[in-house]
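Summary of the model geometry
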Amino acid sequence: MSGWLLVVAMVAAVNPFRSRVGLRADRIPIPATAVGVVVGIAAVAALAAVAASLLDVLQITPETFLIAAGLVAIIAGARTFFAPRPFDEPALEGWREGLWPIAFPRLLSPEVIALSIGLASQNGVGALVAAATGGIMVLAVLTRVRLTERRIRLLTALGAVLAMLLVVAGIWMMIEGIRDV
Amino acid sequence: MRRRLAVHLGVLLVGAGVLRVAVVPAEVCPPVDRAAVEAAARGAIGWLASHQQPSGRFTYGYHRGEDRINTSYNEARHGGVVMSLYQAHAVLGSDAALAAADLGVAFALDDLFDHGDWTAWAPGGAVPVGANSLLLAGLAIRRLDTGDPAHDELMQAMGRFLLAQQQPDGSVFDSFDRSADAPIPSYSLYSTGEASWALALLERVFPGEGWGEAAGLTLDYMATRRDRVEGRLSRLPDHWAAYTVAELPPRLLTELRLDYTRDLAGYFGMRLRFEAQRRGDGINLVLRWFPGPPAGVGTSAEGIGALHRLAASEPALADLVDNIEERIVCTAGFMVRRQETAETASVWPRPQMVEGAWFYRGYSQMDDQQHVLSGLLSAIPVIERTQEEAG
């Protein structure tokens, strides 16, 4: 997978537009956002770092897992396209809001987990974490924006666009997984 | 909040479980060493040779549950078994394999058709390209292995038959009509690749006579147009094409042919990864069905084995070597385990018809042994090297 496609895949998986719509409408305090960003990036890095060992233990070749990760991306992309607004989650107080719901379930969604494991062996841990960080940082910026109805509609539309890109990336991953030796 | 956390974690766990069971079951690669692979190969040689008739004809198939021998025959498979046995002599030095293959050749030599400008095996009056190609491939492997020139003239004459069947676009008509004195304009699934491989082998035996260029023409046809022209919806994962490209001299390895090699490696790799997921029991049986027909698995094994030789020597394919070797070793592991041993054979009415064979749902055929044998033979150098590296 090329570098650009990796960026598209990870940013679309993180989907900062949809994730922002799934958080409270007010500006989110910086400490909470910082915790969410750090935990999110650390979790992606940890998943990518252990991906090879994890697949080894599960007796799955990285090429085969790429097919599974692609399937998850396609399903997640389709879900977001047809249901672009996630359920509201009650937030924890203070900086803990960074853990719930920012880091989980918004950032560490099934598609982010699957792609972190599936793409690490193809592209390397560093490149994968950098690509995911791009999406996470966009979300960090967006948490400083107060959501109005108009902004929610715009972010929802942008989230749907990223969902379509996630489907494309998922199809690409499945094809690569099938064509790889 | 806890309820919502439980919901999200539950979705993750259930999703991961479904993915594990339905999409990515474990790819089981039993450990295997050279001795075990060689023993399995010798077991297959034993099955083929010990049930061969004095005429040189092999036993076609056997159903162990019904204790029934299939008395039909297929000449292309005869040629394939002969070829595989010659490969076995080349790799293992098996005299039993050489003797059985030579007897198989004698069976074919009784039915030669001399056209004047070419000669071909014409079993029952028909002149099929597939059977001739595999017989010729076997003779070429024998020549390269033993240096015995006994069949040189015949090989060149059979090569000219293949050239007579080859069309300007590289396609190969699959048989010749003796009464009309013309090729029959039809194709069969594998005879095109078989013909190109035989021609590529002739290039090694008789370099500089143009056989390699002819093989390359058909290889290009297979790489670019065959499936469309011959009415297939998807690309045929053709192990004979893999043998062909692996046999071509470096000067004939064009970018197109190397790209095709990469595609073929992908097909075989995917097939073998999928096969390693098959256990044939429980929920795995429902989702993955029985372990695949041995001939089918064997073709992928020998295809990727052939590509290994090329990838190991061709810098443009060097990135494929590690994965190819992983698939080769894995496949050897599960195919050795799937072979019938003396112990597992003893419960059937005719254990001697079972031992050394690979069965698919109770039935085994000569080409099951042929293809798996060729696959295992190609695995031996790889396993030898990995054993040496492991100390």
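What counts and how
- Residues numbered from 1 in each chain as written.
- Chains lettered and ligands numbered in written order.
- Predicted model: local features only at pLDDT ≥ 70, side-chain atom pairs only at ≥ 80, totals over all residues.
- Heavy atoms only, no water.
- Helix = DSSP H or I, 4+ residues; strand = E, 2+ residues; numbered from the N terminus.
- Buried < 20%, exposed > 50% of the residue type's maximum accessible area, 1.4 Å probe, protein only.
- Contact = heavy atoms within 4.5 Å.
- Lys, Arg positive; Asp, Glu negative; His and termini not counted.
- Charge placed at Lys NZ, Arg CZ, Asp CG, Glu CD.
- Buried area = accessible area lost by both parts, 1.4 Å probe.
- Salt bridge = Lys/Arg side-chain N within 4 Å of Asp/Glu carboxyl O.
- Pairing = 2+ DSSP bridges.
- Axes fitted to C-alpha atoms, helices over the stretch in contact; angles between N-to-C directions.
- Expected span 1.5 Å × (residues − 1).
- Bend = angle between axes of the 7 residues up to and from the residue.
- Core = buried A, V, L, I, M, F, W, Y, C linked by side-chain atoms within 4.5 Å.
- Left-handed = near helix turned anticlockwise from the far one by under 90°.
- Nonpolar A, V, L, I, M, F, W, Y, C, P; charged D, E, K, R; others polar.
- Disulfide = S-S within 2.5 Å.

Time to look at the overall build of chain B. When helices and strands are tallied, chain B shows 16 helices and 8 strands. Projected onto the principal axes, the alpha-carbon positions of chain B cover approximately 85 × 50 × 45 Å. Among the 391 residues that make up chain B, the fraction classed as buried is 55%. Expressed as a percentage of contacts within chain B between residues at least 6 apart in sequence, the contacts between residues at least 24 apart total 70%. Across chain B, 35 positive and 48 negative side-chain charges occur, with their mean positions spaced 11 Å apart.

Turning our eyes to something else, we now look at the interface of chain B and chain A. With 27 residues of chain B at the interface, the matching set in chain A holds 25 residues. With both chains or domains summed, chain B and chain A bury close to 2,200 Å², and 66% of this area falls on carbon and sulfur atoms. Applying the counting rule to chain B against chain A returns 3 salt bridges. Of the charged contacts in the structure, one is a salt bridge between Arg4(B) and Glu89(A), with a shortest N-O distance of 2.8 Å.

Our focus in this paragraph is the sheet that holds strand E1 (residues 61-63) of chain B. Residues and elements named next belong to chain B. Strand order in the open sheet made by the 3 strands is E2-E1-E8, with antiparallel pairing throughout. The sheet is open, and its two edges are formed by strand E2 (68-70) and strand E8 (363-365), each paired on a single side. Each adjacent strand pair in this sheet contributes to an overall mean axis angle of 15°, direction not counted. Where E1 meets E8, 3 bridges bridge the pair, whose relative direction is antiparallel. From the neighbouring strand, His-63 faces E8, where its bridge partner is Tyr-363.

Since there are 3.6 residues in each turn of an α-helix, residues three or four apart along the chain are aligned in direction. Residues and elements named next belong to chain A. Here helix H6 (residues 110-123) is 14 residues long and its end C-alpha atoms lie 19 Å apart, about the 20 Å a rise of 1.5 Å per residue gives. Along H6, the sharpest change in direction is near 25° and occurs at Ile-117. Of all 14 residues that make up H6, 10 are buried, and the element is covered over most of its length. In the core, the buried residues of H6 are packed alongside helix H1 (3-14), helix H3 (30-57), helix H4 (62-82), helix H5 (99-107), helix H7 (125-142) and helix H8 (149-179). Count one or two residues on from H6 and you reach Gly-124, which has phi positive near 90°.

Secondary-structure assignment places Gln87(B) in helix H3 (residues 75-92). Among all residues touching Gln87(B), those that are not within four sequence positions of it are Ile141(B), Trp197(B), Tyr243(B), Ser374(B) and Leu377(B).

Ranked by internal contacts, the top residues of the largest apolar core, which has 111 residues, are Leu85(B), Trp197(B), Ile324(B) and Leu373(B). Beyond its immediate chain neighbours, meaning those up to four positions away, Trp197(B) contacts Met83(B), Gln87(B), Leu134(B), Ala137(B), Ile141(B), Trp240(B), Tyr243(B), Thr244(B) and Glu247(B). Grouped together as the second largest cluster of nonpolar side chains are 58 residues, Ala32(A), Ile60(A), Leu155(A) and Val23(B) included.

Turning our eyes to something else, we now look at the packing of H3(A) against H5(A). Residues and elements named next belong to chain A. With their axes 8 Å apart at the nearest point, H3 and H5 run at an angle of 35° to one another. By crossing handedness, the relation of H3 to H5 is classed as right-handed. In contact with Ala-32, Thr-33, Val-35, Gly-36, Val-39 and Gly-40 of H3, H5 contributes Leu-99, Ile-102, Ala-103 and Leu-107. Tallied by class, residues from the contact of H3 with H5 come to 7 nonpolar, 3 polar and no charged.

Turning our attention to the state of the cysteines. Residue and element names in this part refer to chain B. By the definition in use, this model includes 1 disulfide over all chains. A sulfur-sulfur separation of 2.0 Å characterises the disulfide bridge that pairs Cys-29 with Cys-330. In this structure the cystine formed by Cys-29 and Cys-330 twists about its S-S bond by roughly -80°; its chirality is therefore left-handed. Placement of the pair is Cys-29 in the loop between helix H1 (2-23) and helix H2 (34-50) and Cys-330 in helix H14 (residues 321-338), with a sequence separation of 301 residues.

This paragraph deals with unusual backbone geometry. Going from Trp100(A) to Pro101(A), the amide bond is cis rather than trans, its omega being 10°. Relative to the helices and strands, Pro101(A) resides in helix H5. Omega for the peptide link from Phe104(A) to Pro105(A) comes to 15°, which places this bond in the cis form. You will see that Asn15(A), though not glycine, has its phi angle at about 40°, which is positive. Secondary-structure assignment places Asn15(A) in the loop between H1 and helix H2 (16-21). Unusually for a residue other than glycine, Trp289(B) sits at a positive phi of about 65°. Take Trp289(B): it is sitting in the loop between helix H12 (282-288) and helix H13 (294-313).

Residue and element names in this part refer to chain B. Enumeration over the complete set of coordinates arrives at 35 salt bridges over all chains. In this structure, the salt-bridge partner of Arg-350 is Asp-67, at a minimum N-O distance of 2.8 Å. Highlighted residues: Arg-350 in the loop between helix H15 (342-345) and E8 and Asp-67 in the loop between E1 and E2, separated in sequence by 283 residues. Looking at Arg-350, the relative accessible area reads 27%, which means it is partly exposed.

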